[in-house]
Amino acid sequence: MAAFKTLDNLTDITGKRVLVRVDLNVPVKDGKVTDATRIERVAPTILELSDKGAKVILLAHFGRPKDGPSPDLSLSLIIPAVEKVLDRAVLFASDCVGAPAAEAVAKMNNGDILLLENTRFHKEEEKNDAAFTEKLAANGDIYVNDAFSAAHRAHSSTEGLANHLPAYAGRTMQAELEALERGLGNPARPVVAIVGGAKVSTKIDLLMNLVKKVDALVIGGGMANTFLAARGTNVGKSLCEHDLADTAKQIMIEAATSGCAIVLPEDGVIAREFKAGADNEVVSIDAIPTDAMVLDVGPKSVEAIKAWIGRATTLVWNGPLGAFEITPFDAATVAAAKYAAECTETGKLTSVAGGGDTVSALNHAGVADDFTYVSTAGGAFLEWMEGKVLPGVAVLHTAK
Ligand SMILES: Nc1ncnc2c1ncn2[C@@H]1O[C@H](COP(=O)(O)OP(=O)(O)OP(=O)(O)O)[C@@H](O)[C@H]1O
Ligand SMILES: O=C(O)[C@H](O)COP(=O)(O)O
């Protein structure tokens, strides 16, 4: 495969309109960005292009809007955080295509930075619709993809545009691929993966391949509830995708065939309300009341997870073990993260973690800097780990 072009290949770009795909899908609480890591990671690309005199036009998605525009998923909410990280003013257009985008671009001066509204407000984005991609392309002369964490999506702004405009990898895209190759290209065994979080339906399929590559798969969060339910355990009102029971069963069969241990929680911290400080108790995983939710894995499970981390030479982690944003349901994630950081510091563990909320959880635990590498990518990172070719990366290699 031909090497992709990078910003090093973009020299004389004064006055050029550069469409830069970034990932601004950041954690937000009460309208405020709670973790700016993804913004910090794309800042070097934005500033470099702006300093070279380009008109920098940012394309991004935010959340998963179902029926067109919705105010709570407007990228305008993210602007203060982007301006703070860049220490520059950021202009905004209320649509990523059509008159609002064209007019805002036409008014730009060299070096200006403009953020276009959530690309997913148009259903055509996720369909990689050619006509929609052309509308996006109309506002640019050059396309730069700096969103490694969205590169597993073959959408108009992540893949399609590279077929319409001269395409380049941004600094973060480049750095993520290099760092993952260095850390996990040929991982030393045993390899232990921890997968938790809430995005069960979009991540469960990739576990089928992951179990063929790792020695143990530790499952927490909403993902664990889905596996427990598939095994016949009552999970009460927990976050769980019951219709994925067959997929979970097949993954457990594949794991047994591949010699990969599946580690499910033995106990859980339950509550009846999803809020900080909610009344909670630890119960055995076989004794979850029907009216309760498991919001974290329990202390016995934490000990078991630490033992698996202790046996590992390489640790791959995506998805928090519990609802870490609300105390005390952050306990398992924090304990496991601190232990992984300790093992990394002693030099016996290579630890690589990824995901928007996972990075936020590691920051919350105060150990993000102690991991070998922290990727901004969650789903994309797991797919890369599976050995899949990510569409947003592949197209950069083949683009003219
Ligand atoms: N038991 C649970 N019940 C409810 N929510 C949970 C539970 N465990 C974890 N979560 C939630 O999972 C969310 C994170 O999941 P997610 O799969 O999005 O991870 P991620 O690291 O952001 O990966 P990606 O970058 O792919 O989105 C957090 O908001 C957390 O509260
Ligand atoms: O948060 C992520 O992992 C990326 O921004 C991709 O988001 P998606 O899973 O909604 O496509």
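Residues numbered from 1 in each chain as written. Chains lettered and ligands numbered in written order. Predicted model: local features only at pLDDT ≥ 70, side-chain atom pairs only at ≥ 80, totals over all residues. Heavy atoms only, no water.

1. So, the sheet that holds strand 1 (residues 17-21)
Consideration 1: A sheet is described by the order of its strands in space; here 6 strands give the open sequence 5-6-4-1-7-8, paired in parallel fashion. A strand with exactly one partner marks an edge of an open sheet, and here the two such strands are strand 5 (91-93) and strand 8 (167-169). Here the strands of the sheet are splayed against their neighbours by 25 degrees on average, with no regard to which way each runs.
Consideration 2: Two elements, strand 5 and strand 6 (residues 113-116), share 3 bridges in a ladder whose sense is parallel. Considered in strand 6, the bridge of Leu91 is made with Leu114. (Pairing = 2+ DSSP bridges. Helix = DSSP H or I, 4+ residues; strand = E, 2+ residues; numbered from the N terminus. Axes fitted to C-alpha atoms, helices over the stretch in contact; angles between N-to-C directions.)

2. Looking at the site of ligand 1
Consideration 1: As a structural note, the neighbourhood of ligand 1 is formed by 22 residues, with Lys199, Glu325, Gly356, Asp357 and Thr358 the closest of them.
Consideration 2: One of the backbone N or O atoms of Ala198 is found 2.9 Å from an oxygen atom in ligand 1.
Consideration 3: Examining the composition of the shell around ligand 1, we find that 3 residues originate from one element, helix 12 (residues 356-365), more than from any other.
Consideration 4: Class assignment of the residues belonging to the shell around ligand 1 gives a composition of 7 nonpolar, 10 polar and 5 charged. (Near = heavy atom within 4 Å. Polar contact = N/O pair within 3.5 Å; in protein donor to acceptor, adjacent residues only side chain to side chain. Nonpolar A, V, L, I, M, F, W, Y, C, P; charged D, E, K, R; others polar.)

3. A closer look at the packing of helix 8 (residues 221-230) against helix 9 (residues 245-258)
Consideration 1: Interhelical geometry of helix 8 versus helix 9 gives an angle of 85 degrees and a closest axis separation of 8 Å. Classified by the interaxial angle, the pair formed by helix 8 and helix 9 is roughly perpendicular. Across from Thr226, Phe227 and Ala230 in helix 8, the residues of helix 9 making contact are Ala245, Ala248, Lys249, Ile251 and Met252.
Consideration 2: Split into classes, the residues belonging to the contact of helix 8 with helix 9 amount to 6 nonpolar, 1 polar and 1 charged. (Parallel < 35°, antiparallel > 145°, perpendicular 65-115°, else oblique. Contact = heavy atoms within 4.5 Å.)

4. A look at the UniProt feature "binding site: substrate" (unreviewed entry) in the protein
Consideration 1: Taking the numbering used here, the UniProt-annotated feature "binding site: substrate" (unreviewed entry) corresponds to Asp23, Leu24, Asn25, Arg38, His61, Phe62, Gly63, Arg64, Arg120 and Arg153.
Consideration 2: Positionally, Leu24 belongs in the loop between strand 1 and strand 2 (28-29).
Consideration 3: Overall, the relative accessible area of 2% leaves Leu24 in the buried class.
Consideration 4: When residues no more than four places from it in sequence are discounted, the contact partners of Leu24 are Ile39, Ala60, His61, Phe62, Leu75, Ile78, Val82 and Leu115.
Consideration 5: Tracing the backbone through its elements, the reader meets Phe62 in the loop between strand 4 (55-59) and helix 2 (79-86).
Consideration 6: You can call Phe62 buried: its relative accessible area is 7%.
Consideration 7: If near-sequence neighbours (up to four positions away) are discounted, Phe62 is found in contact with Leu24, Asn25, Val26, Val28, Asp72, Leu73, Ser74, Leu75, Leu77, Ile78 and Asn118. (UniProt positions renumbered as here; feature names shortened; annotations may be inferred. Buried < 20%, exposed > 50% of the residue type's maximum accessible area, 1.4 Å probe, protein only.)

5. Here's the deal with the pattern of salt bridges
Consideration 1: Overall, the coordinates contain 15 salt bridges when judged by the stated rule.
Consideration 2: Asp291 serves as the salt-bridge partner of Arg272, at 3.0 Å between the closest nitrogen and oxygen. Here Arg272 is found in the loop between strand 12 (267-271) and strand 13 (280-284), whereas its partner Asp291 is found in the loop between strand 13 and strand 14 (293-297), with 19 residues between them in sequence.
Consideration 3: Residue Asp291 is classed as partly exposed on the basis of its relative accessible area of 39%. (Salt bridge = Lys/Arg side-chain N within 4 Å of Asp/Glu carboxyl O.)

6. Quick word on the UniProt feature "binding site: ATP" (unreviewed entry) in the protein
Consideration 1: Within the UniProt annotation, "binding site: ATP" (unreviewed entry) is assigned to Lys203, Glu325, Gly355, Gly356, Asp357 and Thr358.
Consideration 2: Structurally, the position occupied by Glu325 is in the loop between strand 15 (314-318) and helix 11 (331-345).
Consideration 3: Its relative accessible area of 17% is what places Gly356 among the buried residues.

7. Regarding the packing of helix 11 against helix 12
Consideration 1: At a minimum axis distance of 9 Å, the contact between helix 11 and helix 12 shows a crossing angle of 80 degrees. By the criterion of interaxial angle, the relationship of helix 11 to helix 12 is roughly perpendicular. Residues Thr333, Val334, Ala337 and Lys338 of helix 11 touch helix 12, and the partners they reach there are Ala361, Leu362, His364 and Ala365.
Consideration 2: Of the residues belonging to the contact of helix 11 with helix 12, the class tally is 5 nonpolar, 2 polar and 1 charged.

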